[in-house]
Amino acid sequence: MNNKSQTEWFIGVVCIFLIGGIIGMASLPAFPGRFFVSGVVLSVIAVGGFSIIIKR
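The model shown is predicted, which means the values in this text are computed figures rather than measured ones. (Residues numbered from 1 in each chain as written. Predicted model: local features only at pLDDT ≥ 70, side-chain atom pairs only at ≥ 80, totals over all residues. Heavy atoms only, no water.)

### Some points on the overall build of the protein
Stated formally: Helical segments are the DSSP runs of H or I of at least four residues, strand segments are the runs of E of at least two, and each set is numbered from the N terminus. The classification of residues rests on relative accessible area computed with a 1.4 Å probe and restricted to protein chains. Under 20% of the type maximum is buried, over 50% is exposed, and intermediate values are partly exposed. Residue-level accessible areas treat just the shown protein chains as cover; the underlying method is Shrake-Rupley with a 1.4 Å probe.
Scanning the protein from N- to C-terminus turns up 2 helices and 0 strands. Taking the principal axes of its C-alpha atoms as reference, the protein extends roughly 40 × 25 × 15 Å. A buried classification covers 12% of the 56 residues belonging to the protein. With the model as given, the accessible surface of the protein reaches about 4400 Å², and the carbon-plus-sulfur share is 77%.

### Here we look at the side chain of serine 38
Selection rule: As used in this structure description, the phrase polar contact means that two N or O atoms lie within 3.5 Å; if the pair is within protein, one of them must be able to donate a hydrogen and the other to accept it, and residues adjacent in sequence are counted only when both atoms belong to side chains. Residues are treated as being in contact if the distance between any of their heavy atoms lies within 4.5 Å.
Looking at the secondary structure, you find serine 38 in helix H2 (residues 34–55). A relative accessible area of 12% places serine 38 in the buried class. A distance of 3.1 Å separates a polar atom in the side chain of serine 38 from the backbone oxygen of glycine 20. Setting aside chain neighbours within four positions, we find serine 38 in contact with Gly20, Gly21, Gly24 and Leu28.

Written as structure tokens, this is what we have:
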């Protein structure tokens, strides 16, 4: 990977994390850390799914 693609990948993961956090704030009941937990879960799912698509 070159430096530009690493930067784009990182920005994409951060955007997915933020989108997941916002979705979690809107849909989950109130508990400490729901923004972080839902952001991490969506990021892991998205990165894993994307890597499976790229390998095929």
